[in-house]
Amino acid sequence: MSVDDGGAMSDLEPQRGGGRVALVDLTGAEDMTAALRRLQDEWGPVAPVDLEPGVPGWLVLGHAEVMEVMRTESVFARDPRHWKERLPLDSSLHAILSPAGRRALYYADGADHRRLRLPMDEAFSSLDEAQTAALVRSVCAGLIDAFATQGQADLIGEYAAAVSFLAVSGMFGFDERQGIALLRCAHGVFGHGGDAVAALEAMDQIVLDHVLATRADPGNNLTARLVEHPSFEDDTEIVHSMVVAICAANEMLVTWIAATLRRMLTDPRYTGRVTGVRRGLDDALDETLWSEPPVANLPARYAVTDCTLGRVRIKAGDAIVMGVAAANNDPRVRTDDDIFEASNRSHLSFGVGPHACPARRPGRLVVKIAVESLMERLDLRLTDPEVTWAPSPWSRYPAVLPVRFTPERQSARTPVRA
C-alpha cells in the first residue's frame, strides 16, 4: 500500500468484464469460494463491487491486503464522515455504514477509539467463564426444550439465531423479554428485513433503559462494568458502544453456530461419530473459522487520502470492505498440507489491528456449548441438503436448517421462546 501525491486516479467504474458485482450476490452464491476466486482472477486482490445497488465500493480479496487495511487506520479509517457517498434515505446501509451521530468504538479512530475500546476490553476480560458457561447452557436447554418433543426443527430460526442473542444479552444483564426484543431489532439492523434505521433507534431505547436501570441497581454483568467505567463521557457513548457490541457479537455467533452445525451434519469427517464429539467439535469450530468465516465481508473502512492498494488506485472517500472469506482462502496463506493447516492460525475471522475482536474466548465458548448441547442431546438428521442463504451482504449462513430427530418425551421444563 502506498499513499499517492497526485495524478489521475481510477474510479469505481469497472474497466473489465461486466458491471460491478453485488456483495449480496457473492454471499448468496452457491459456491462462494469459487465466486470470490473468479473475482480475484479477473481483478486481482482488490475488486470493485456494489455494496447495494448503485452504491460502489472496493472489496479487498487478498490476505496481505486485508491485513494492511485492518492495521492502517491512518489511511483506512472507520469514521464514516470520511465517506464521499450520500446514501438514499431508504438505504439499508445507513444503520451499519453511515449512522448519523454514532459515538461508538466501531466508528472511531486513533485516541478516541482507544478511549472507547478500553471499557469493552476490560469488561470482556473480567467475565467469569464458569458463570458464562452456565448461562449459555441454560439458554440452550430452554430453547431445545421448546422443540425437543416435536421431532423436527429449524436450527436457524428456532435455535442458532436465538441462542446467540439470548446468551449475549444475558451477559449484559438483559432479561429474556428484553433479549428477544433486541434480537428482533438486530435482525432489522443487519438488513434481514424491515426498516434498519427504525430498528437501530428502537434498539438504542431498549439499551438506554437498561443502562439507567443498571445504574440504579448494579448487578454482576457487562453493563454494570461499562456504566461505572470512567472512559465514557456520557450515557450516549455507553449505549452506542453496547449496541455495536451486541449486534456484532450476535451476527458473528449465529453465523458461526449455523455453519458449524451444518458442517457437523453434512461433512463425512464429522457425521456418524457417536463418541469423541468434543474433539470433533473443536476441529469443526476451527475449520469453520477458516473456510466459512462468521463475517464474510467486514464493513467498512474509508480512504482518508488517495492511495494504492493491491495495484488499484483508490480515491480519498472511497469505501473499502474487507473480504475476510476471500482472504482466508487466499492461496498465498492456504495449502493442501493437512499437517501445516492444523497449526495455521493466520485466518482473519477475528480481525487484526486496533479493531480486532475483543471477545474471542467468550465467543468460542458460546458457539461450542450451543453446538455441543444439540449434538449430545438429539440425534439430528438434516432433512434438506439444499441450502438457501440468508440475504446479507456481510454474512453467509443458511436461511433455514431443517432437521429431524427422535422426539423426547414431554418435559416439565418451561421452554424459552424467541
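Note that this is a predicted model, so its numbers are computed, not measured. (Residues numbered from 1 in each chain as written. Predicted model: local features only at pLDDT ≥ 70, side-chain atom pairs only at ≥ 80, totals over all residues. Heavy atoms only, no water.)

Caption draft 1: Examining the overall build of the protein chain more closely. A tally of regular secondary structure across the protein chain gives 15 helices and 12 strands. When the 418 residues of the protein chain are sorted by exposure, 56% land in the buried category. Nonlocal contacts in the protein chain, meaning residues at least 24 apart in sequence, comprise 74% of its contacts between residues at least 6 apart. Carbon and sulfur atoms form 51% of the exposed surface of the protein chain, whose accessible area is close to 18000 Å². (Helix = DSSP H or I, 4+ residues; strand = E, 2+ residues; numbered from the N terminus. Buried < 20%, exposed > 50% of the residue type's maximum accessible area, 1.4 Å probe, protein only. Contact = heavy atoms within 4.5 Å. Areas by Shrake-Rupley, 256 points an atom, 1.4 Å probe, with all protein chains shown as cover.)

Caption draft 2: Just the sheet that holds strand β2 (residues 21–22), in detail. If you trace the 6 strands from one edge of the open sheet to the other, you get β2-β3-β4-β10-β7-β5, paired in mixed fashion. Edge positions in the sheet fall to β2 and β5 (76–77), since each has one partner strand and no second. Where strand β3 (residues 46–52) meets strand β4 (residues 55–60), 6 bridges bridge the pair, whose relative direction is antiparallel. For E52, the partnering residue across the bridge sits in β4 and is V55. Across the face of the sheet, helix α2 (residues 32–43) comes into contact with β2, β3 and β4 while running at roughly 125° to β3. Docked against the sheet, helix α3 (residues 63–71) engages β4, β5, β7 (297–303) and β10 (319–323), running at close to 125° with respect to β10. (Pairing = 2+ DSSP bridges. Axes fitted to C-alpha atoms, helices over the stretch in contact; angles between N-to-C directions.)

Caption draft 3: Representation of the pairing of β3 within the structure. Along β3, 7 of the 7 residues are buried, which leaves the element largely enclosed by surrounding structure. Between β3 and β4, which pair antiparallel in sequence order, lie 2 residues; one of them, G54, sits at a positive phi of approximately 85°.

Caption draft 4: Examining the packing of helix α6 (residues 129–147) against helix α7 (residues 156–171) more closely. Packing of α6 against α7 brings their axes to within 9 Å, and their N-to-C directions diverge by 145°. Considering the relative orientation of α6 and α7, their crossing is right-handed. Taken together, the residues of α7 that come into contact with α6 (itself represented by T132, L135, V136, V139, C140, L143, I144 and F147) are E158, Y159, A162, V163, L166, A167, G170 and M171. Within the contact of α6 with α7, the residues separate by chemical class into 13 nonpolar, 2 polar and 1 charged. (Left-handed = near helix turned anticlockwise from the far one by under 90°. Nonpolar A, V, L, I, M, F, W, Y, C, P; charged D, E, K, R; others polar.)

Caption draft 5: Up close: the state of the cysteines. Enumeration according to the criterion identifies 0 disulfides in this entry. Unpaired in this structure, C185 has its nearest cysteine sulfur neighbour in C247, at a distance of 8.5 Å. (Disulfide = S-S within 2.5 Å.)

Caption draft 6: Examining the side chain of R396 more closely. By secondary structure assignment, the location of R396 is in the loop between β11 (381–382) and β12 (402–404). Put simply, R396 is tucked away with no salt bridge, and the nearest opposite charge, on E292, sits 5.4 Å away. Within the structure, the side chain of R396 is placed 2.6 Å from the backbone oxygen of T27, a separation counted as a polar contact. Beyond its immediate stretch of four places on either side in the chain, R396 contacts L26, T27, G28, A29, E30, D31, M32, T255 and W389. (Lys, Arg positive; Asp, Glu negative; His and termini not counted. Salt bridge = Lys/Arg side-chain N within 4 Å of Asp/Glu carboxyl O. Polar contact = N/O pair within 3.5 Å; in protein donor to acceptor, adjacent residues only side chain to side chain.)

Caption draft 7: Representation of the environment of G142. Mapped onto the elements of the fold, G142 is located in helix α6. Since its relative accessible area comes to 6%, G142 is described here as buried. For the pair G142 and V163, spaced 21 residues apart in the sequence, the C-alpha separation amounts to 9.4 Å.

Caption draft 8: Fine view of the side chain of H94. Mapped onto the secondary structure, H94 falls in helix α4 (residues 94–97). Under the relative-accessibility criterion, H94 is labelled buried at 16%. With sequence-adjacent residues up to four places away left out, H94 is seen in contact with L87, P88, L89, P99 and V197.

Caption draft 9: Representation of the nonpolar core. Formed by 111 residues in total, the largest nonpolar core has its most connected members in L51, L155 and F172. Filtering out sequence-adjacent residues up to four positions away, F172 remains in contact with F124, H210, N221, L222, T223, L226, M242, A245 and I246. Listed in part, the 20 residues of the second largest apolar core include W58, V69, V324 and A327. (Core = buried A, V, L, I, M, F, W, Y, C linked by side-chain atoms within 4.5 Å.)

Caption draft 10: A look at the sheet that holds β11. Judged by pairing direction, the sheet is antiparallel, and its 3 strands sit side by side in the order β6-β12-β11 without closing on themselves. In the strand order of this sheet, the two ends are held by β6 (152–154) and β11, each with one partner. Summarising the sheet, β11 and β12 pair through 2 bridges and their orientation is antiparallel. By the bridge assignment, R381 is partnered in β12 with R404.

Caption draft 11: Structural context of the environment of G101. Within the secondary structure layout, G101 lies in the loop between α4 and α5 (110–125). A C-alpha to C-alpha distance of 9.6 Å links G101 and H240, two positions 139 residues apart in sequence.

Caption draft 12: Examining the pattern of salt bridges more closely. Applying the stated criterion across every chain, the model contains 23 salt bridges. Its salt-bridge partner being R102, residue D204 comes within 2.5 Å of it at the nearest N-O pair. Here R102 lies in the loop between α4 and α5 and D204 lies in helix α9 (residues 196–216), a separation of 102 residues in the sequence. One exposure class covers both D204 and R102, and it is buried. A salt bridge links R332 to D330; the nearest nitrogen and oxygen atoms lie 2.8 Å apart. Note on R332: relative accessible area 53%, which makes it exposed. The network of salt bridges with common partners includes R103, D112, R115, E233, D234 and E237.

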